[in-house]
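# Understanding the architecture of this molecule
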Amino acid sequence: MKQYIVKDLQETEKVAKNLASSLKGGELIALSGNLGAGKTAFVKALARALGIKEEINSPTFVLLKVYDIAYKKVNKFVHVDCYRLRGQEDLFDIGLGDYLNYDNIIVAIEWADKIVNLPKDAIKVHLEIVDNNQRKIIFS
Ligand SMILES: Nc1ncnc2c1ncn2[C@@H]1O[C@H](COP(=O)(O)OP(=O)(O)OP(=O)(O)O)[C@@H](O)[C@H]1O
Ligand SMILES: [Mg+2]
C-alpha cells in the first residue's frame, strides 16, 4: 500500500501523472472517496498525461465515456462514474465487459466501491479530504 499526502491540486496531478507513466494498457483504476475528494480531478490529470486533448467531464448522465487515445499500445480510455448507480452493481451489468482486460484499453471508474465484482488486480485509488486543498491518496 502506497500513501501520499498532497498539499494541493498540482500535487494530486503529479501523483496521477506518475501513475499514468506506469500504465501499459489493460489496467482498471478504481477510484473511491467522498464527494469532492478529487476523483474527477485525478482522472482528468491521468487523461491529460495519457495524451487526451478533449476536456474530460464527469459522465454524469451517461455511465461511461470512451476517449480515443494514442499511448503506448493503448487506443482507448474509458471513464466511468458510478455515482448515480443506486445499489451495488456488477461490472458486466453496467456494460464494462467490453472494455476490461484488453491491453489496448485503460479504464478509470469513479465510485468504484459501488461495484461488487472489481477484479483483484484493479489499481485502487482512495482519496480522502484532509482540509481545503490537502488530500490523502491511498493506493492499494
Ligand atoms: N489536492 C487536491 N486534489 C484534488 N482536488 C482538489 C485538491 N485540492 C482542491 N481540490 C478541489 O477539490 C475538488 C474536487 O472535485 P472533484 O470533482 O475532482 O471530486 P470528486 O471526488 O470527483 O467528486 P464527486 O464525487 O462529486 O464526483 C475540485 O474543485 C478541486 O479543484
Ligand atoms: Mg467526480
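Please refer to the structure higher up on the page.
Here we summarise the structure given alongside this text. Within any chain, residue numbers begin from 1 and follow the written order of that chain's sequence. Each chain is given a letter, starting from A, and each ligand a number, starting from 1, according to the order in which they appear as written. Totals for whole chains, interfaces and linings use all residues, but because this is a predicted model, local features are given only for residues with pLDDT of at least 70 and pairs of side-chain atoms are given and counted only at 80 or more.

### Quick word on the environment of G25
- Runs of H or I in DSSP of at least four residues are treated as helices and runs of E of at least two as strands, each being numbered from the N terminus. Its place among the elements puts G25 in the loop between α1 (9–22) and β2 (28–32).
- Any residue whose C-beta has 12 or fewer other C-beta atoms within 10 Å is treated as exposed, any with 20 or more as buried, and any in between as partly exposed, C-beta atoms being built from the backbone. Overall, the presence of 15 C-beta atoms within 10 Å leaves G25 in the partly exposed class.
- Residues G25 and Y102 lie 77 residues apart in sequence; the distance between their C-alpha atoms is 7.1 Å.
- Any pair of residues counts as being in contact when their C-beta atoms, constructed from backbone geometry, are within 7 Å of one another. Excluding residues that lie within four positions of it along the chain, G25 makes contacts with K72, K73, V74, D103, N104, I105 and I106.

### A closer look at the environment of L96
- Mapped onto the elements, L96 comes out in the loop between β4 (74–81) and β5 (105–110).
- Put simply, L96 and V78 are 18 residues apart on the chain and 9.3 Å apart in space, counted from C-alpha to C-alpha.

### A short note on the sheet that holds strand β1 (residues 2–6)
- What makes two strands pair is DSSP finding at least two bridges between them. With mixed pairing, the seven strands of this open sheet are ordered in space as β1-β7-β6-β2-β5-β4-β3. Two strands in the sheet have a free side with no partner beyond their single neighbour: β1 and β3 (64–71). Going from strand to strand, the sheet's axes swing by 20° on average, the running direction of each strand aside.
- Alignment of β4 against β5, held across six bridges, turns out to be parallel. Bridge pairing in β5 links D81 to E110.
- This element, α1, spans β1 and β7 (135–139) of the sheet and lies at about 155° to β1.
- Orientation is described by axes fitted as lines to C-alpha atoms, over the contacting stretch for helices, and by angles from 0 to 180 degrees between their N-to-C directions. Along the sheet, helix α2 (residues 39–49) contacts β2, β3, β4, β5 and β6 (123–129); its crossing angle with β5, the most-contacted strand, is approximately 165°.

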